[in-house]
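Now for the letters of each chain:
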Amino acid sequence: MQTVRLFFEKLGSMTILVIREMGRMLIFILYALYIAVRDPGKPIHLFKQIHFIGAKSLFVICLTASFTGMVLGLQGYYTLAKFGSEGMLGAVVALSLIRELGPVLAALMVTGRAGSAITAEIGIKKITEQIDALKTMALEPFKYLISPKVIAALIALPLLCAIFDVVGIFGGYVVGVKLLGVNPGAYFSEMERSVEWKDVWSGFIKSVSFGCIISWVCCFKGYYAGHGAEGVSRATTEAVVMSSVLVLVWDYFLTSVML
Amino acid sequence: MIKLVDIEKSFDSQVVLNRLSLEIPTGKITAVIGPSGEGKSVLLKHMIGLMKPDRGKVYIDGDDITVMRRWELNHVREKFGMLFQNAALFDSMTVFENVAFPLEEKTRLSRVEIRDKVHDALEHVGLKSVDKKYPDELSGGMKKRVGLARALLLNPRIILFDEPTTGLDPIICRAIHQLIKDTHTQFGFTAVIVSHEIPEIFDISDNVAMLYKGQIIEMGTPDEIQRSEHPVVRQFITGSLEGPIHFI
């Protein structure tokens with residue numbers, strides 16, 4: 001009896017803890033968006049963040065996109081060759097990238113490169129009292145540290161996703177057409193015939209929502225980082241893991257709604 | 001005037017401030033002394049609304065800041081400047097950018113005016129040719145002086161100093177104290193200094209309050225505190241190992 005009671009007590013306190021954390025997260029993002037609209041601050045803060053999240057992620061995005069496209073080209077070719085439909089390779093590569101792999105892999109790359117840095121930066125500012133220093137100057141920390149990052153991620157992710165798609169399609173082209181001998185005309189014409197605006201839109205909506213998830217989770221974890229270097233390192237790990245998992249889970253739900 | 005009434009603050013089960021009441025006189029330098037870990041910095045953070053008490057009221061010029069919304073609190077904070085224990089300089093900005101930041105964000109001064117004001121402020125705290133240095137290139141004393149320049153720049157009516165001389169050598173320590181005294185004489189702000197520097201802190205303070213076990217156990221002029229018969233105060237200012245304060 002005692003064990004059962006302890007189990008339910010534990011379950012209850014865990015549930016309260018989770019609900020409280022979710023509530024805090026919701027208030028956090030709503031306040032960040034409110035500040036972004038009401039008091040957006042100088043554009044330079046936003047441009048700096050777009051540069052950090054977007055431009056500085058270009059290399060890793062192009063690298064992963066080209067190899068993703070190439071492996072899709074390779075796998076797609078040998079699978080399609082079994083049915084004598086190698087000409088469909090362009091459509092397979094493009095649809096896989098635009099609908100699914102582009103937004104998801106771009107988001108995971110940005111999480112690893114920029115998301116972790118965002119959490120660490122905000123966390124260090126917190127433990128060294130730099131956030132408190134802003135408050136004592138009667139300045140709103142969200143205006144300088146959180147809102148520009150959230151808006152920048154909403155802008156940068158779709159752009160990075162578009163670049164990922166284009167580079168990936170080119171990677172598939174190099175392997176399929178240049179190495180394996182698929183007809184270049186067929187590669188592009190099948191792509192044009194199969195890809196619809198709906199596919200592009202779904203990729204765009206996904207990448208915007210992933211941008212929101214990454215910036216939200218990473219800023220939140222940094223802002224509420226624990227004490228010392230260990231607290232920041234734990235927050236960074238949690239931010240990367242949670243962002244990545246949420247991106248994949250949210251991707252499934254979005255796909256099931258938009259298909 | 002800053003007035004704290006029956007402040008209670010606990011972290012988990014540890015009581016840090018226990019029905020603490022304190023009045024800080026306007027235009028004077030008040031030092032808060034007490035053993036390490038007694039909640040002096042926590043007390044300071046309550047005065048500027050960085051922490052909220054579990055119970056009790058904090059009045060700034062008659063307004064209770066514990067019930068204020070964010071924007072109302074920001075309005076009250078316009079009256080404050082604060083020098084943090086580790087200076088809390090923005091680590092990705094140069095010294096110039098650090099000091100200029102509040103001016104750029106809160107005033108409509110031109111670039112030239114900001115540059116002149118920043119140079120004046122840095123010169124006032126005895127710093128020259130450090131504009132382009134980053135905080136991690138500065139010594140502890142220099143960081144504190146940059147922090148002081150930043151805190152003074154908007155001419156606040158109240159300045160809170162959180163251990164402004166901890167970790168500095170005796171000469172720099174004295175120089176910082178003198179700087180606080182001189183700027184106070186010049187600008188006439190209300191100052192609250194959290195410090196362990198006994199007896200140096202008595203030279204610059206108008207009032208001294210002793211914090212022990214979450215309460216102000218004695219407050220008076222430096223002379224009164226030095227003549228106090230309270231065993232805790234006596235042990236603390238003499239640095240004796242024998243007495244009611246247990247360290248281990």
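About the cut-offs
- Residues numbered from 1 in each chain as written.
- Chains lettered and ligands numbered in written order.
- Predicted model: local features only at pLDDT ≥ 70, side-chain atom pairs only at ≥ 80, totals over all residues.
- Helix = DSSP H or I, 4+ residues; strand = E, 2+ residues; numbered from the N terminus.
- Rg over C-alpha atoms; globule rule 2.2 N^0.38 Å.
- Contact = placed C-beta atoms within 7 Å.
- Core = buried A, V, L, I, M, F, W, Y, C linked by C-beta atoms within 7 Å.
- Buried ≥ 20, exposed ≤ 12 C-beta atoms within 10 Å, placed from the backbone.
- Domains from an automatic or database assignment.
- pLDDT = per-residue confidence, 0-100.
- Pairing = 2+ DSSP bridges.
- Nonpolar A, V, L, I, M, F, W, Y, C, P; charged D, E, K, R; others polar.
- Axes fitted to C-alpha atoms, helices over the stretch in contact; angles between N-to-C directions.
- Parallel < 35°, antiparallel > 145°, perpendicular 65-115°, else oblique.
- Left-handed = near helix turned anticlockwise from the far one by under 90°.

Brief notes about the overall build of chain B
Here's step 1: In terms of regular secondary structure, chain B is built from nine helices and ten strands.
Here's step 2: Its C-alpha atoms give chain B a radius of gyration of 18 Å, within 12% of the compact-globule value 18 Å for 248 residues.
Here's step 3: Along the first, second and third principal axes, the C-alpha set of chain B runs to 55 × 45 × 35 Å.
Here's step 4: Taking all contacts inside chain B whose residues are at least 6 apart in sequence as the whole, residues at least 24 apart take part in 64%.

Side note on the overall build of chain A
Here's step 1: Of the regular secondary structure elements, chain A holds nine helices and zero strands.
Here's step 2: Across its three principal axes, chain A shows a C-alpha extent of roughly 65 × 60 × 30 Å.
Here's step 3: Within chain A, contacts between residues separated by at least 24 positions form 87% of all contacts whose residues are at least 6 apart in sequence.

Quick word on the nonpolar core
Here's step 1: Of all hydrophobic cores here, the largest spans 132 residues; its most connected members are Leu 157 of chain A together with Leu 160 of chain B.
Here's step 2: Lining this core are residues from two domains, each supplying at least three of them: domain 1 (1–79 + 157–248) and domain 2 (90–155) of chain B.
Here's step 3: Sequence-distant contacts of Leu 160 of chain B, that is, excluding residues within four places in its chain, are made with Leu 44, Met 47, Ile 48, Phe 80, Met 82 and Val 192 of chain B.

Regarding the confidence of the model for chain B
Here's step 1: Put simply, chain B has an average pLDDT of 88, and 99% of its residues get 70 or more.
Here's step 2: Across the assembled chains, the prediction reports ipTM 0.88 with pTM 0.87.

Observations regarding the pairing of strand β1 (residues 2–11) of chain B
Residues and elements named next belong to chain B.
Here's step 1: Judged from the seven bridges that link them, β1 and strand β2 (residues 14–24) form a sheet pairing that is antiparallel. Bridged to Ile 2 within β2 is Ile 24.
Here's step 2: Two successive antiparallel strands, β1 and β2, enclose a turn made up of two residues, where Asp 12 displays a positive phi of approximately 55°.
Here's step 3: Note: β1 against strand β4 (residues 55–60), five bridges, orientation antiparallel. Considered in β4, the bridge of Ile 2 is made with Ile 60.

Structural notes on the interface of chain A and chain B
Here's step 1: Taken residue by residue, the interface counts ten residues in chain A and 13 residues in chain B.
Here's step 2: Partitioning the side of chain A that touches chain B into residue classes produces four nonpolar, three polar and three charged.

Considerations on the environment of Met 68 of chain B
Residues and elements named next belong to chain B.
Here's step 1: The residue Met 68 is located in the loop between β5 (63–64) and α2 (70–77) in this model.
Here's step 2: Between the C-alpha atoms of Met 68 and Gly 49, which are 19 residues apart in sequence, the distance is 9.3 Å.
Here's step 3: The contact partners of Met 68, leaving out residues within four places of it in the chain, are Leu 73 and Val 76.

Re unusual backbone geometry
All names here are of chain B.
Here's step 1: Here Ile 198 and Pro 199 are connected by a cis peptide whose omega angle stands at 10°.
Here's step 2: Take Pro 199: it is sitting in the loop between β8 (190–194) and α7 (200–204).
Here's step 3: Here Asp 12, not a glycine, exhibits a phi torsion of approximately 55°, which is positive.
Here's step 4: Relative to the elements of secondary structure, Asp 12 occurs in the loop between β1 and β2.
Here's step 5: Non-glycine residue Glu 163 carries a positive phi angle of around 45°.

Focus on the sheet that holds β5 of chain B
Residues and elements named next belong to chain B.
Here's step 1: The four strands are arranged β2-β1-β4-β5 in an open sheet whose pairing can be described as antiparallel. This sheet does not close on itself; its edge strands, each paired only once, are β2 and β5.
Here's step 2: Across the sheet, helix α1 (residues 40–47) is in contact with β1, β2 and β4; its angle to β1 comes to roughly 125°.

A few points about the sheet that holds β8 of chain B
Residue and element names in this part refer to chain B.
Here's step 1: If you walk across this open sheet you meet the six strands as β6-β7-β8-β3-β9-β10, and the pairing is mixed. Since the sheet does not close on itself, it has two edges, and those belong to β6 (80–83) and β10 (215–220), each with one partner. Neighbour-to-neighbour, the strand axes of the sheet open up by a mean angle of 15°, direction not taken into account.
Here's step 2: Two elements, strand β3 (residues 29–33) and β8, share four bridges in a ladder whose sense is parallel. Note that in β8 the partner of Thr 30 across the bridge is Val 192.

Comments concerning the domain arrangement of chain B
Residues and elements named next belong to chain B.
Here's step 1: Domain annotation for chain B reports domain 1 (1–79 + 157–248) and domain 2 (90–155).
Here's step 2: For domain 1 and domain 2, the distance between their C-alpha centres works out to 26 Å.
Here's step 3: Facing nine residues of domain 1, the contacting portion of domain 2 comprises eight residues.
Here's step 4: For the side of domain 1 that touches domain 2, the element with the highest residue contribution is helix α6 (residues 170–187), accounting for five residues.
Here's step 5: Of the residues that constitute the side of domain 1 that touches domain 2, the class distribution is seven nonpolar, two polar and no charged.

Details of the packing of helix α3 (residues 95–106) of chain B against helix α4 (residues 111–124) of chain B
Residues and elements named next belong to chain B.
Here's step 1: Put simply, α3 and α4 touch, their axes get as near as 10 Å, and they point 125° apart. Judged by the inter-axis angle, α3 sits oblique to α4. Handedness of the crossing formed by α3 with α4: right-handed. Between α3 and α4, the contacting residues are Phe 96, Val 99, Ala 100, Leu 103 and Glu 104 on the first element and Ile 114, Lys 117, Val 118, Ala 121 and Leu 122 on the second.

Here's the deal with the packing of α3 of chain B against helix α5 (residues 140–152) of chain B
Residues and elements named next belong to chain B.
Here's step 1: One way to put it is that α3 packs onto α5 with a least axis distance of 8 Å and a crossing angle of 25°. Relative to α5, the element α3 is oriented roughly parallel. Taken as a pair, α3 and α5 cross one another with a handedness that is right-handed. Every residue of α5 that contacts α3 at Val 95, Asn 98, Val 99 and Pro 102 is listed here: Val 146, Ala 149 and Arg 150.
Here's step 2: In terms of residue class, the contact of α3 with α5 is made up of five nonpolar, one polar and one charged.

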